[in-house]
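Read off the chains here:
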Amino acid sequence: MKVLQEKHKLATRWFHWLNFPLLLAMIYSGLVIYWAYDPYRVGVGNVTLFHFFPDWFYGFFGLGQQLAYGMALHFTLAWLFAINGVAYVLYTLISGEWRELAPDRNSPREALQVAMHDAGFNVPLPPQGRYNAAQRITYTAIVLMGGLSLVTGLAIYKPVQIHWLTAALGGYQWARLEHFCLTLGYVAFFAIHIAQVARAGWANFRAMVSGWDLAESETSLAWRTRRSFIGLGVGAVAALGGWKWLNTPGSEEADTPPHLRSVLGFNERVVRSAVYGNAHLVPTFPASAIRPLKKNGDFGIMEEIDLTAWRLEVVPMGAEDKAAKLTLAEIQTLPKVEQTFEFKCIEGWSVVTSFAGARLADFTAKYAAGSEQAAFVGMKTPDETYYIGIDMPGALHPQTLLAYEMNGQPLTPEHGAPLRLVVPVKYGIKNIKRIGRIEYTNERPDDYWAEYGYDYYAGL
Ligand SMILES: Nc1nc2c(c(=O)[nH]1)N[C@H]1C(S)=C(S)[C@@H](COP(=O)(O)O)O[C@H]1N2
Ligand SMILES: [Mo]
């Protein structure tokens, strides 16, 4: 006689219908980041075999480069992914369902037997509970991998504020590689898993949705099945609605959808209240670690300027009329600080470079005393085509410099001569080259890349 039996407990169904789609959404948003720019390439030394992705790829799929959107999406979904993951693990622990999911002492041997049996060898199947050893191992491995993805992701997202974590993972570049390899692992798992589900057939799929299998009476199973599928459908519609809501466009075309933008703002508040401190220093490197820094971005520096005629306009807080015009020599009277650190561009590359100049904190104390009270510093190129805004804590960070030297040489025009900002607690976008004007203000200054949807804060 057939008996209606519970095939999958709640934890397993949760695993499939919530963790799994969220993981896919994370991979998708990661991919949106990856189809950003040139730096993602496969090559040996300086020889590039191909880029992620080649130009024809964008043309073929009609895709624009969507780095800003991809990042906003990734750092929004990461909350859902993390909260859901923690809830899932807590649930399996408290409900005791982990006992059926976690591998035990015999699992490795049993998994091998299952694999050999499936491959057609004449090996008897080991006795099994609800889940066989291979399932136990993969389910647990995926959960551990999810945790590792969060950890490596955080280490990449905030390598300065959580520098000990980044260091523990082997540094910024290693953390990036680890994060990427985990993703490859999911993709492989996903491919195998889908194939297995397809092979196992309808009854198995039905059990994965409803949790029940083998009917004593077909009607009771049919009822459970209908109810579960309706639940799944409602969930899918809700998820789709949530997705649409998150992506509601704003009025400005180039901007990131406002709801994603607010999450970036929320993330900034979390970081600034929970971990930000000007005592957190960016790791520094010996001179031997320096690698060539290529020129990246030339907005506001395309025209040649007469360096002898150049002056830095300084507007202290609330003193529009008291703007001073400084020569480079005057800035160079401030103590000179040199530091070698890993310069990080938001596109994903980083280079160890050395810069020397005056601390912006020292500069502010001398040439704009009192302006430390302002909320922001805004800077512009002389022609005002590139401009940035940074929060005061970032500006007063002891490693934030007005730099006039790079790698022991006077700054070259392409790297921002005569004076550029070096702010290691921010992505490269904030490190404005060829500063023409500095203004201390309580109103958030305009920011070139924020207008193209990038995170205004851009803190590391
Ligand atoms: N004036 C100006 N400053 C700028 C940019 C720019 O286009 N114009 N690009 C920014 C970006 S995105 C980066 S990564 C760094 C690159 O600095 P580099 O060109 O010295 O490597 O400069 C930043 N400062
Ligand atoms: Mo950049």
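Look up a bit, the structure's there.
The structure contained in this document is the topic of the report that follows. (Residues numbered from 1 in each chain as written. Chains lettered and ligands numbered in written order. Predicted model: local features only at pLDDT ≥ 70, side-chain atom pairs only at ≥ 80, totals over all residues. Heavy atoms only, no water.)

**Notes on the overall build of the protein chain**
Link 1 in the chain: A count of helices and strands for the protein chain gives 14 helices and 14 strands.
Link 2 in the chain: The principal-axis extent of the C-alpha atoms belonging to the protein chain is close to 95 × 45 × 45 Å.
Link 3 in the chain: Out of the 460 residues in the protein chain, the part that is buried amounts to 45%.
Link 4 in the chain: Restricting the contact set of the protein chain to residue pairs at least 6 apart, pairs at least 24 apart contribute 70%.
Link 5 in the chain: Surface summary for the protein chain: the accessible area is close to 23,500 Å², and the carbon and sulfur share equals 63%.
Link 6 in the chain: Considering the protein chain, the positive charge centre built from 39 side chains and the negative charge centre built from 40 side chains are found 9 Å apart. (Helix = DSSP H or I, 4+ residues; strand = E, 2+ residues; numbered from the N terminus. Buried < 20%, exposed > 50% of the residue type's maximum accessible area, 1.4 Å probe, protein only. Contact = heavy atoms within 4.5 Å. Areas by Shrake-Rupley, 256 points an atom, 1.4 Å probe, with all protein chains shown as cover. Lys, Arg positive; Asp, Glu negative; His and termini not counted. Charge placed at Lys NZ, Arg CZ, Asp CG, Glu CD.)

**Some thoughts on the sheet that holds strand S9 (residues 376–380)**
Link 1 in the chain: Strand order in the open sheet formed by five strands is S6-S5-S14-S9-S10, with mixed pairing between adjacent strands. Each edge of the sheet is formed by a strand with only one pairing partner; in this case those strands are strand S6 (324–326) and strand S10 (387–391). Between one strand axis and the next, the sheet turns by 20° as a mean value, whatever way the strands run.
Link 2 in the chain: As defined by bridge partners, strand S5 (residues 312–315) adjoins strand S14 (residues 437–441) across three bridges and the pair is classed as parallel. Within the sheet, the bridge partner assigned to Val315 lies in S14 and is Glu439.
Link 3 in the chain: Along the sheet, helix H13 (residues 360–367) contacts S5, S6, S9 and S14; its crossing angle with S14, the most-contacted strand, is approximately 75°. (Pairing = 2+ DSSP bridges. Axes fitted to C-alpha atoms, helices over the stretch in contact; angles between N-to-C directions.)

**What to know about helix H3 (residues 67–95)**
Link 1 in the chain: Taking 1.5 Å per residue as the helical rise, H3 with its 29 residues ought to reach 42 Å, and the 41 Å between its terminal C-alpha atoms agrees with that figure.
Link 2 in the chain: Taken from the residues just after H3, Gly96 is the one with a positive phi, measuring 85°. (Expected span 1.5 Å × (residues − 1).)

**Considerations on the pairing of strand S8 (residues 350–359)**
Link 1 in the chain: Across the 10 residues that make up S8, a large majority, nine, are buried.
Link 2 in the chain: Alignment of strand S7 (residues 336–344) against S8, held across nine bridges, turns out to be antiparallel. Residue pairing in the sheet places Gln339 in a bridge with Phe355 of S8.
Link 3 in the chain: Pairing of S8 with strand S11 (residues 401–406) involves five bridges; the strand directions are antiparallel. Across the sheet, residue Gly357 finds its bridge partner in S11, namely Ala403.

**Focus on the site of ligand 1**
Link 1 in the chain: Taken together, the neighbourhood of ligand 1 is formed by 19 residues, with Lys294, Asn296, Phe299, His415 and Lys433 sitting nearest.
Link 2 in the chain: Within the contact set of ligand 1, a nitrogen atom lies 2.7 Å away from a backbone nitrogen or oxygen of Phe299.
Link 3 in the chain: Across the shell around ligand 1, the residue classes break down as eight nonpolar, six polar and five charged. (Near = heavy atom within 4 Å. Polar contact = N/O pair within 3.5 Å; in protein donor to acceptor, adjacent residues only side chain to side chain. Nonpolar A, V, L, I, M, F, W, Y, C, P; charged D, E, K, R; others polar.)

**With respect to the pattern of salt bridges**
Link 1 in the chain: Under the defined criterion, the tally for this structure stands at 10 salt bridges.
Link 2 in the chain: Arg272 is paired through a salt bridge with Glu268; the nearest N and O atoms lie 2.8 Å apart. You can see Arg272 and its partner Glu268 sitting in helix H11 (residues 258–274), four residues apart, about one turn around the helix.
Link 3 in the chain: Linking Glu320 and Arg437 is a salt bridge whose minimum nitrogen-to-oxygen distance equals 3.6 Å. Note that Glu320 is positioned in the loop between S5 and S6 and Arg437 in strand S14, a separation of 117 residues in sequence.
Link 4 in the chain: One salt-bridge network, in which partners are shared between bridges, spans Glu313, Glu320, Arg437 and Glu439. (Salt bridge = Lys/Arg side-chain N within 4 Å of Asp/Glu carboxyl O.)

**Focus on the packing of helix H5 (residues 107–118) against helix H6 (residues 133–157)**
Link 1 in the chain: Where H5 contacts H6, the axes come no closer than 7 Å and their chain directions differ by 120°. Counting all contacts with H5, which are made through Ser107, Pro108, Glu110 and Ala111, the residues of H6 involved are Ala133, Ala134, Arg136 and Ile137.
Link 2 in the chain: Counted by class, the contact of H5 with H6 contains five nonpolar, one polar and two charged residues.

**Side note on the packing of aromatic side chains**
Link 1 in the chain: Going through the model one piece at a time under the given rule, you end up with 29 aromatic pairs.
Link 2 in the chain: With a centroid separation of 5.7 Å and 25° between ring planes, the pair formed by Trp202 and Phe229 is classed as stacked. Of this pair, Trp202 sits in helix H9 (residues 202–210) while Phe229 sits in helix H10 (residues 218–246), placing them 27 residues apart in sequence.
Link 3 in the chain: Taken together through their ring pairs, the aromatic side chains of Phe299, Tyr386, Tyr387, Tyr448, Trp449, Tyr452 and Tyr454 make up a single cluster.
Link 4 in the chain: We note Lys430 situated over the ring of Tyr456; from NZ or CZ to the ring centre the distance is 4.1 Å. (Phe/Tyr/Trp six-rings, centres within 6.5 Å; stacked < 30°, edge-to-face > 60°. Lys NZ or Arg CZ within 6 Å of the ring centre and 35° of its normal.)

**What about unusual backbone geometry?**
Link 1 in the chain: Across the junction of Ala417 and Pro418, the peptide omega takes the value 5°, indicating a cis bond.
Link 2 in the chain: Note on placement: Pro418 falls in the loop between strand S12 (409–410) and strand S13 (420–422).
Link 3 in the chain: A positive phi angle, close to 50°, is found at Asn407, a residue other than glycine.
Link 4 in the chain: Relative to the helices and strands, Asn407 resides in the loop between S11 and S12.

**Focus: the nonpolar core**
Link 1 in the chain: Membership of the largest hydrophobic core comes to 96 residues, with the highest contact counts inside it found for Leu312, Phe363, Met379, Leu421 and Tyr440.
Link 2 in the chain: In this structure, Met379 is in contact with Leu360, Tyr386, Tyr387, Ile388, Leu402, Leu421, Ile432, Ile435, Arg437 and Ile438, ignoring residues within four places of it in sequence. (Core = buried A, V, L, I, M, F, W, Y, C linked by side-chain atoms within 4.5 Å.)

**Focus on the side chain of Thr340**
Link 1 in the chain: Within the secondary structure, Thr340 sits in strand S7.
Link 2 in the chain: Those residues within four positions of Thr340 in sequence are excluded, and the remaining contacts are Pro283, Thr284, Phe285, Pro286, Ile290, Val352, Thr353 and Ser354.

**Focus on a nonpolar patch on the surface**
Link 1 in the chain: A cluster of nonpolar residues, Val86, Val89, Leu90, Leu93, Ile94 and Trp98, forms a patch on the protein surface that exposes about 580 Å² of accessible area.
Link 2 in the chain: As for its position among the elements, Trp98 is in helix H4 (residues 98–101).
Link 3 in the chain: Overall, the relative accessible area of 36% leaves Trp98 in the partly exposed class. (Patch = residues over 30% accessible without salt bridge, like charges linked within 9 Å, V, L, I, M, F, W, Y side chains within 5 Å.)

**Side note on the environment of Pro258**
Link 1 in the chain: Relative to the elements of secondary structure, Pro258 occurs in helix H11.
Link 2 in the chain: The spatial distance from the C-alpha of Pro258 to the C-alpha of Pro159 is 26 Å, given a sequence separation of 99 residues.
Link 3 in the chain: In this view, Pro258 contacts Thr248, Pro249 and Gly250; residues no more than four positions away in its chain are not counted.

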